[in-house]
Amino acid sequence: MTEPLLRIKGLVKHYPGRRRLFGPRPAPTRAIDGISFDIHAGETLGLVGESGCGKSTTGRAILQLVRPTAGQVRYRHQDLTALPAAQMRDLRREMQMIFQDPYSSLDPRMRVADLIAEPLDIHGIARGPARREKVAELLDAVGLPASALSRYPHEFSGGQRQRIGIARALALSPKFIVADEAVSALDVSIQAQVINLMQDLQDRLGLTYLFISHNLNVVRHISDRVGVMYLGQLVEIGTSRDVFARPLHPYTRALIDAAPSLNARRRERVILQGEVPKAGVPRGCIFRSRCPEARALCATDRPQPREADGRLVACHNIS
Amino acid sequence: MSLMRLDPARGRIAGFALPRLPRFRALRNWRVSLGGAILLVVLVSSLLAPWISPFDPYAQDLKAALLPPGGSHLLGTDEFGRDLLSRLIWGGRIALLVAAVSVVVSLIAGLFLGLVAGYFGGWLDALIMRGVDILLAFPNFLLAIAMVAILGPGLANMLVAIAIFGIPGFVRLYRAEVLTLKGADYVEAARSMGAGPWQVIRRHILPNSIPLVIVLCSLRAATAILVASGLSFLGLGVEPPLPDWGAMLTNGREYLRVAPHLTTVPGLAIMALVFAFNIFGDGLRDILDPRRKH
């Protein structure tokens, strides 16, 4: 197999607890607790999981927007985590981000032309006519009229604003794009348009996406492979078809069962009991407090991701 | 007034996009228009003082001392027979000078320190903010008095004292604004595009903080004038015979019963100017508050 575009190895991001005047230092919040996966060139890797499981932090840690506590992010034989800030800034031309909130991710005081050209301006790439031409081209690529150029973001709808955000992300001709809940803030009808746009652009420009979302239907539609996260760990990762058709990890099963579906004749649903553990992560399997199949082993040993049925699953009950 | 020219569609100051302000909307706000009108009157009369003041503000005429308002001396004369209206007009220059110096110093130092503390954080933030806390722990006015007492009275020393003690409040408020703006998604977006800290500050933080800066400046001007008048009133500021509103107030005090206009007129002038700066700032804040938009 060819070398993946990105290879994430043992990525960890802990947020230290706030030190109190008296008493022990509280345990750090483990936003990402040692995850490893590859992202191959040209694919869309979906990342799903419930709120607070570390999906967004993972995306940001890969782009070094938050510096990981430990682990490696290898991008074309370079470890991004070890790169000095200045070199990382240059590399950012190749990896961009699409944000969740199309309202707050666009500076309200900048006009669309300047918003889209911002990456060009930051890197001092195109000026004058070349800049205008590039902006017009990008605007056209995301299906916005040229009349949008001199207007301000608040004059646009959510979907249009997200198109502006996509145009901005494309300005530097990146290879890799992290889409962090890129469509979650949009109306359902608009979501489909934006996703189709993203897929078109992927086909045309050979982009690689890390598509972070809590919306399983969207992820299933757009992703080639899917990773499922729970409490900062990756519990299952495999092709989209496999994971959705035959989820192996009990958490994946519960997650997929919880998603609304029009399919009336479905098997017994797994409904999770219990709460997400609060302070730190318990010993053993992180999911055992809510797992319907937990055994004694799950309380003592943390399951490592293992190859099973063509994918990686971290569960003692799968072999 | 000058706000009419802040047409956002093409207006840019020093490379920053200006806040969006529909033409004339600023004038529909009564605070802005009333405050602006008073400021305009003071500004124009101060600039034109040599030409519009009816008498020499220093010319004494003891025969015409303590005249009541009316007649050829429109606002009357003081104990030396100096024309009160002329002194009032010339005094506006000092009031505006105090305001301008204080605003410029607070603005430059406050912006810089607030940006560094808010954006970069860490030990620099701690250092700057503890310094600010120390200055803020003392009453502004008392410190200005103490400083002038050390440096000695006089216009220049008073300007220094007032300017320096305007900085901490500005730093604290501006730092809070920077912290808010720094957390915005578009700042993270800029970082993800590869913008360095100064690029983020120049492209996003500064332009988005312009409304707050305008408001802080106008409120700072009002405070500076009030403190300056107070210092002059206590004899620690402008020295006679310079025509200063606060000093005029002190002189007139002794003649309160025979010539009440000597205290009333400069007192009203101080009040009007401070009031004007305050409501002007309030009004601008209302107009420029981003939460009022969209």
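Residues numbered from 1 in each chain as written. Chains lettered and ligands numbered in written order. Predicted model: local features only at pLDDT ≥ 70, side-chain atom pairs only at ≥ 80, totals over all residues. Heavy atoms only, no water.

Under the annotation held in an unreviewed UniProt entry, chain B carries the name ABC transporter permease subunit and is attributed to Paracoccus limosus. The record held by UniProt for chain B lists under Subcellular location (unreviewed entry) the comment "Cell membrane". Under the UniProt heading Sequence similarities (unreviewed entry), the entry covering chain B gives this text: "Belongs to the binding-protein-dependent transport system permease family." (UniProt positions renumbered as here; feature names shortened; annotations may be inferred.)

Per an unreviewed UniProt entry, chain A is named ATP-binding cassette domain-containing protein, and its organism is Paracoccus limosus. Under the Subcellular location (unreviewed entry) heading, UniProt states for chain A: "Cell inner membrane".

A. Structural view of the overall build of chain B. When you go through chain B residue by residue, the secondary structure sums to 11 helices and two strands. Reading chain B from its N terminus to its C terminus gives the helix and strand order β-β-α-α-α-α-α-α-α-α-α-α-α. Counting only residues that meet the buried cut, chain B has 51% of its 294 residues in that class. Pairs at least 24 residues apart make up 71% of the contacts formed inside chain B by residues separated by at least 6 positions. With an accessible surface of roughly 13800 Å², chain B has 69% of that area assigned to carbon and sulfur atoms. (Helix = DSSP H or I, 4+ residues; strand = E, 2+ residues; numbered from the N terminus. Buried < 20%, exposed > 50% of the residue type's maximum accessible area, 1.4 Å probe, protein only. Contact = heavy atoms within 4.5 Å. Areas by Shrake-Rupley, 256 points an atom, 1.4 Å probe, with all protein chains shown as cover.)

B. Looking closely at the packing of helix 4 (residues 84-120) of chain B against helix 5 (residues 122-137) of chain B. All names here are of chain B. Relative to each other, helix 4 and helix 5 sit at 135 degrees, their axes nearing to 7 Å. By the angle between their axes, helix 4 is oblique relative to helix 5. Between helix 4 and helix 5 lies a crossing of left-handed hand. Contacts from L113, V116, A117 and F120 in helix 4 reach G122, L124, D125, I128 and M129 in helix 5. Counted by class, the contact of helix 4 with helix 5 contains seven nonpolar, one polar and one charged residues. (Axes fitted to C-alpha atoms, helices over the stretch in contact; angles between N-to-C directions. Parallel < 35°, antiparallel > 145°, perpendicular 65-115°, else oblique. Left-handed = near helix turned anticlockwise from the far one by under 90°. Nonpolar A, V, L, I, M, F, W, Y, C, P; charged D, E, K, R; others polar.)

C. Geometry of the state of the cysteines. Residue and element names in this part refer to chain A. Here the structure, examined in full by the defined rule, presents zero disulfides over all chains. Between C285, a free cysteine, and C298, which holds the nearest cysteine sulfur, the sulfur-to-sulfur gap is 5.7 Å. On the basis of relative accessible area, C285 is assigned to the buried category, the value being 9%. (Disulfide = S-S within 2.5 Å.)

D. Quick look at the interface of chain B and chain A. Each side of the interface is counted separately: chain B has 28 residues, and chain A has 28 residues. Both faces considered, chain B and chain A share a buried interface measuring about 2500 Å² in area, 48% of it formed by carbon and sulfur atoms. On the surface where chain B and chain A come into contact, there are three salt bridges. Between R203 of chain B and D121 of chain A there is a salt bridge, with the nearest N and O atoms lying 3.6 Å from each other. In this assembly, chain B and chain A are joined by 12 residue pairs in polar contact (both at pLDDT 80 or more). At the level of elements, helix 8 (185-193) and helix 9 (197-233) of chain B are the ones that each hand at least two residues to the side of chain B that touches chain A. Looking at which element gives the most residues to the side of chain B that touches chain A, the answer is helix 8 of chain B, with eight residues. Of the residues in the side of chain B that touches chain A, the class split is 14 nonpolar, seven polar and seven charged. (Buried area = accessible area lost by both parts, 1.4 Å probe. Salt bridge = Lys/Arg side-chain N within 4 Å of Asp/Glu carboxyl O. Polar contact = N/O pair within 3.5 Å; in protein donor to acceptor, adjacent residues only side chain to side chain.)

E. The arrangement of the environment of L151 of chain B in detail. Along the chain, the position of L151 of chain B falls in helix 6 (residues 140-151). Sequence separation between L151 of chain B and V132 of chain B is 19 residues; the distance between their C-alpha atoms is 22 Å.

F. How the structure looks around the sheet that holds strand 1 (residues 6-15) of chain A. Residue and element names in this part refer to chain A. Taking strand neighbours across the sheet as the criterion, the four strands line up as 2-1-4-5 in an open arrangement whose pairing is antiparallel. The open sheet has two free edges, formed respectively by strand 2 (29-39) and strand 5 (78-79), since each of these has just one partner strand. When strand 1 meets strand 4 (residues 70-75), the two strands line up antiparallel, connected through five bridges. Opposite L6, over in strand 4, you have Y75 as the bridge partner. (Pairing = 2+ DSSP bridges.)

G. Expanded view of the UniProt feature "transmembrane region" (unreviewed entry) in chain B. Residues and elements named next belong to chain B. What UniProt calls "transmembrane region" (unreviewed entry) maps, in this numbering, to residues 30-52, 94-120, 132-150, 156-174, 212-238 and 258-281. Structurally, residues 212-238 is divided into 81% helix and 0% strand, and its ends, taken at the C-alpha atoms, are 31 Å apart. With 88% helix and 0% strand, residues 258-281 has its two end C-alpha atoms placed 38 Å apart.

H. Examining the confidence of the model for chain A more closely. Looking at chain A as a whole, its pLDDT mean stands at 87, while 94% of the residues score no less than 70. Across chain A, the element-wise mean pLDDT spans from 84 in helix 10 (residues 296-300) of chain A up to 95 in strand 8 (residues 208-212) of chain A. (pLDDT = per-residue confidence, 0-100.)

I. Structural context of the packing of aromatic side chains. Residues and elements named next belong to chain A. For the structure on display, the rule yields six aromatic pairs over all chains. Ring geometry for Y230 versus Y251: centroids 4.5 Å apart, planes at 50 degrees, classification tilted. A residue pair is termed long-range when its members are at least 10 positions apart, and Y230 in strand 9 (residues 225-230) and Y251 in helix 9 (residues 250-258) qualify at 21 residues. Residue classification places Y251 among the buried residues on the basis of a relative accessible area of 1%. Taken together, the ring pairs in this structure connect Y230, Y251 and F287 into an aromatic cluster. Positioned above the aromatic ring of Y15 is the side chain of K13, whose terminal nitrogen or guanidinium carbon lies 5.0 Å from the ring centre. (Phe/Tyr/Trp six-rings, centres within 6.5 Å; stacked < 30°, edge-to-face > 60°. Lys NZ or Arg CZ within 6 Å of the ring centre and 35° of its normal.)

J. Local environment of the side chain of N29 of chain B. Residue and element names in this part refer to chain B. You can see N29 is positioned in the loop between helix 1 (25-28) and helix 2 (30-47). Here R31 takes part through its backbone nitrogen, which lies 2.8 Å from a polar atom of the side chain of N29. With residues up to four places along the chain from it excluded, the contact list for N29 reads G283, D286 and I287.

K. Layout of the sheet that holds strand 9 of chain A. Residues and elements named next belong to chain A. What the eight strands build is an open sheet, ordered 6-7-8-3-9-10-12-11; its pairing is mixed. In the strand order of this sheet, the two ends are held by strand 6 (95-98) and strand 11 (306-308), each with one partner. In this sheet, adjacent strand axes meet at a mean angle of 25 degrees when their direction is disregarded. Strand direction decides the pairing type here: strand 6 and strand 7 (residues 176-180), joined by four bridges, are parallel. Directly across from M95, in strand 7, lies its bridge partner F176. Sheet strands touched by helix 9: strand 3 (44-48), strand 9 and strand 10 (233-239). Its angle to strand 9, the strand with the most contacts, is close to 100 degrees.

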